[in-house]
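# An overview of the molecular structure
Listed below, chain by chain, are the residues.
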Amino acid sequence: MAHGYHFFMNPGPTNIPERILRAMNRGTIDFTQAQFRAISEECFAGLQRVFKTRETILAYAATGHGAWEAALVNLFSPGDKVLVVESGFFSLNWGMRGEVFGLEVETLPNDWRRPADPARLETRLREDKEHQIKAVLLVHSETSTGVANPVAALRRAMDAAKHPALFLVDAISSLASMDFRTDEWGVDVVVAGSQKGLMLPTGMAFTTVSKKALAAAVTAKLPRVYWDWKRLMGEASQAYWNGTAPVHFFYGMQEALRMLEEEGLDNVFERHHRLAEATRRAVRAWRQNDGPEIYAVDPGAQSNTITAVLLPEGYDADKLRQICLDKFNLSLGGGLERLKGRVFRIGHLGDLNEPMVLGTIATVEMALDLVGVPHGKGAVQAAIDYLAGEA
Ligand code: PLP
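Residues numbered from 1 in each chain as written. Predicted model: local features only at pLDDT ≥ 70, side-chain atom pairs only at ≥ 80, totals over all residues. Heavy atoms only, no water.

Attention now goes to the site of the ligand. Surrounding the ligand, one finds T63, G64, H65, W68, F90, V139, S141, T143, D170, I172, Q195 and K196. Contacts to the ligand include H65, whose side-chain N or O atom sits 2.4 Å from an oxygen atom. Each residue belonging to the shell around the ligand can be placed in one class, and the counts come to 4 nonpolar, 6 polar and 2 charged. (Near = heavy atom within 4 Å. Polar contact = N/O pair within 3.5 Å; in protein donor to acceptor, adjacent residues only side chain to side chain. Nonpolar A, V, L, I, M, F, W, Y, C, P; charged D, E, K, R; others polar.)

Take the pattern of salt bridges next. Tallied over the entire structure, the rule returns 29 salt bridges. With its nearest N and O atoms 2.8 Å apart, the salt bridge here joins R126 to E122. One end of the pair is R126 and the other is E122, both in helix α5 (residues 118-127) and 4 residues apart, which spans about a single turn. Classification of R126 by relative accessible area gives partly exposed; the value is 43%. Taking the shortest distance from any N to any O, the salt bridge between E263 and R271 comes out at 2.7 Å. Beyond isolated ion pairs, a larger network of salt bridges with shared partners links K81, E104, E106, R124 and E127. (Salt bridge = Lys/Arg side-chain N within 4 Å of Asp/Glu carboxyl O. Helix = DSSP H or I, 4+ residues; strand = E, 2+ residues; numbered from the N terminus. Buried < 20%, exposed > 50% of the residue type's maximum accessible area, 1.4 Å probe, protein only.)

What the rule picks out here adds up to 10 aromatic pairs. Taking 6.3 Å as the distance between ring centres and 70 degrees as the angle between the ring planes, the aromatic pair formed by F51 and F206 counts as edge-to-face. In this pair, F51 sits in helix α2 (residues 34-51) while F206 sits in strand β10 (residues 204-209), placing the two residues 155 residues apart along the sequence. A network of ring pairs unites the aromatic residues F36, F44, W241 and F250 as a single cluster. The side chain of R26 reaches across the aromatic face of Y251, ending 3.8 Å from its centre. (Phe/Tyr/Trp six-rings, centres within 6.5 Å; stacked < 30°, edge-to-face > 60°. Lys NZ or Arg CZ within 6 Å of the ring centre and 35° of its normal.)

A separate point is the sheet that holds strand β1 (residues 7-9). Read across the open sheet, the 5 strands follow the order β1-β13-β14-β12-β11; overall the sheet is mixed. Here the strands that pair on one side only, and so sit at the sheet edges, are β1 and β11 (293-294). Examined bridge by bridge, β11 and strand β12 (residues 306-310) share 2 bridges and lie antiparallel to one another. The partner of I294 across the bridge, within β12, is V309. Helix-sheet contacts for helix α11 (residues 317-328) involve β13 (330-334) and β14 (343-347), and the interaxial angle to β13 is about 160 degrees. Strands in contact with helix α12 (residues 354-371) are β1, β13 and β14; relative to β1, the strand with the most contacts, it is inclined by about 90 degrees. (Pairing = 2+ DSSP bridges. Contact = heavy atoms within 4.5 Å. Axes fitted to C-alpha atoms, helices over the stretch in contact; angles between N-to-C directions.)

For an α-helix the count is 3.6 residues per turn, leaving residues at separations of three or four pointing the same way. Inspection of helix α7 (residues 211-219) places A213, A216 and A217 among the buried residues, and these make up the whole buried set. One side of α7 carries all its buried residues, which in axial view fall inside an arc of 105 degrees. Across α7 from its buried face, at more than 90 degrees, point the exposed residues K211, V218 and T219. Elements in contact with the buried residues of α7: α3 (64-75), β8 (166-170), β9 (189-193), β10 and α8 (229-232). (Arc of directions from axis to C-beta.)

Now the structure itself:
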């Protein structure tokens, strides 16, 4: 029997604020009529401010996987080569989907614990003298590892190599939580989803589309119907939807965007930084006595939305997560693929405050004791000292 609040601290989906739930608790309206068009237009204009783009944004009834696929099928033809910058489970997974569609997928190998190196990208692109690489695919905040990649520096590397490849970036676990500047950073397609920084239920996904990407879509030959950008933009209006528009999602999105604007995007980013830093300080306290450590080793490249915590050899992170859930009603993310059982992941993104982070740290420390994982003490105090000092 679970009591009290369910502490949901996964790195997506995230907690849905009451305000958004209430905004969605309304009757259906006709999605072809003016009332819905006004809501939809407000949403797309708000999204442009969040993505920091003046270019087109398209939305799909899908999870992030759908937006990944939309980007691939609209831009490429069978046999096209794309370069995936390896960062972890999600980067490789995106690339694997390209293979299924007959793309030649090259991986720029990278240590999962470190950010991608712009110099290595530049070198690889300079070698590609015939410009066979049609696109570079990157995950900004790699949700499986907690490493944040330097999007702007990687863009500069592409420019330095004078390479014309499209730049596709997955901002699924960074958008609306960490600064993301689509136009300024020269990102042709940003892929995002509803269930992370936007604080919405899972089920809506987005792509931005630069003019260069739109031009590439004209000649791309992979088959697509539902994802087809041309069809979606056919009515020359972004309010256009392929099929029945999910009006309740738009009710929620309208409220979410209003909440983000009321707080101010910079304040949203600052709050995420603060809560992430408190989490990191707590893990560093556990690290004493050969305890758990932050998986992302470069302090300058630790994501402000998720911290993956690596347990010492021989201890099972899934057992720890199960204790957190069963005994204390706290849900944490698990390790993916090669990190299964090795790490647990604390999501610190979306609708979150200090007590939620402190409660999580305290609970994990209890679970570390129960599993018998060696660890330093004082993680909650380390987080308090930081948060109170910064308050
Ligand atoms: N990319 C990243 C970075 C993610 O974190 C996720 C999901 O967590 C995905 C892609 C896949 O998105 P979805 O689960 O919404 O399909």
